[in-house]
Amino acid sequence: MKIVYEVNIEVDASAHDDYRIWLRDHIADILALPGFTGAKMFEVLDPLPSAGRIGLCVQYALKERAYLDDYLRDHAPRLRAEGLARFGDRFQATRRILHGAR
């Protein structure tokens, strides 16, 4: 059954352009990993992000949960650290995992 890994981001408006450029490369790095089949990026309209921030949502499609488990164990710490090193507290991310309904 298909898995969707969703990342919801609020980024400071002042860092938005640079963050979005970085995020496109970050998404490409993730899509190069086994099991990832695509990604879509959205600007969040509702609920409104915090004042002075812009909301983004990235949904990654995966073939199955085992590939996501591999990503979270073997790659996520490094990739998340890259974003923190570059943008620090100018963004915040929350994540959730979705499973295709039967």
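The shown structure was predicted, so the numbers you read here are calculated from the model rather than taken from an experiment. (Residues numbered from 1 in each chain as written. Predicted model: local features only at pLDDT ≥ 70, side-chain atom pairs only at ≥ 80, totals over all residues. Heavy atoms only, no water.)

### Brief notes about the packing of aromatic side chains
A complete count under the given rule lists 8 aromatic pairs for this structure. Centroid distance phenylalanine 36 to tyrosine 60: 5.9 Å. Interplanar angle 85 degrees. Geometry classified as edge-to-face. Here tyrosine 60 lies in strand E3 (residues 53–62) and phenylalanine 36 lies in strand E2 (residues 36–43), a separation of 24 residues in the sequence. Overall, the relative accessible area of 2% leaves tyrosine 60 in the buried class. One aromatic cluster in this structure is built from Tyr5, Phe36, Tyr60 and Tyr71. (Phe/Tyr/Trp six-rings, centres within 6.5 Å; stacked < 30°, edge-to-face > 60°. Helix = DSSP H or I, 4+ residues; strand = E, 2+ residues; numbered from the N terminus. Buried < 20%, exposed > 50% of the residue type's maximum accessible area, 1.4 Å probe, protein only.)

### Looking at the pattern of salt bridges
As a working rule, side chains carrying opposite charge can pair if their charged atoms are close by. In the structure shown here, the tally under the stated rule is 7 salt bridges. Note that arginine 53 and aspartate 12 form a salt bridge whose closest N and O atoms lie 2.8 Å from each other. Placement of arginine 53 in strand E3 and of aspartate 12 in strand E1 (residues 3–12) is noted, with a sequence separation of 41 residues between them. Relative accessible area serves as the criterion here: at 19%, arginine 53 is assigned to the buried category. Where arginine 73 meets aspartate 70, a salt bridge forms, and the shortest distance between an N and an O atom there is 2.9 Å. (Salt bridge = Lys/Arg side-chain N within 4 Å of Asp/Glu carboxyl O.)

### Quick word on the nonpolar core
The biggest cluster of nonpolar side chains holds 24 residues, and the ones touching the most others in it are Ile9, Val11, Tyr19, Leu23, Tyr60 and Tyr71. Of all the secondary structure elements, the ones that give two or more residues to this core are E1, helix H1 (16–31), E3, helix H2 (65–74) and helix H3 (76–87). If we skip the residues at most four places from it in the chain, tyrosine 19 touches Ile9, Val11, Leu56, Phe87 and Phe91. (Core = buried A, V, L, I, M, F, W, Y, C linked by side-chain atoms within 4.5 Å. Contact = heavy atoms within 4.5 Å.)

### Regarding the side chain of histidine 16
Turning to its location among the elements, histidine 16 is positioned in helix H1. Not counting residues within four places of it along the chain, the set of residues in contact with histidine 16 comprises Val11, Ile54 and Leu56.

### Side note on unusual backbone geometry
That bond from aspartate 46 to proline 47 is cis: its omega, 5 degrees, falls within 30 degrees of zero. Inspection of the secondary structure puts proline 47 in the loop between E2 and E3.

### Overview of the environment of aspartate 12
Separated by 44 residues in sequence, aspartate 12 and leucine 56 place their C-alpha atoms 11 Å apart. What aspartate 12 contacts, discounting residues up to four positions off in sequence, is Gly52, Arg53 and Arg90.

### Considerations on the confidence of the model for the chain
This prediction gives the chain a mean pLDDT of 95; 98% of its residues lie at or above 70. Across the chain, the element-wise mean pLDDT spans from 95 in H3 up to 98 in E3. (pLDDT = per-residue confidence, 0-100.)

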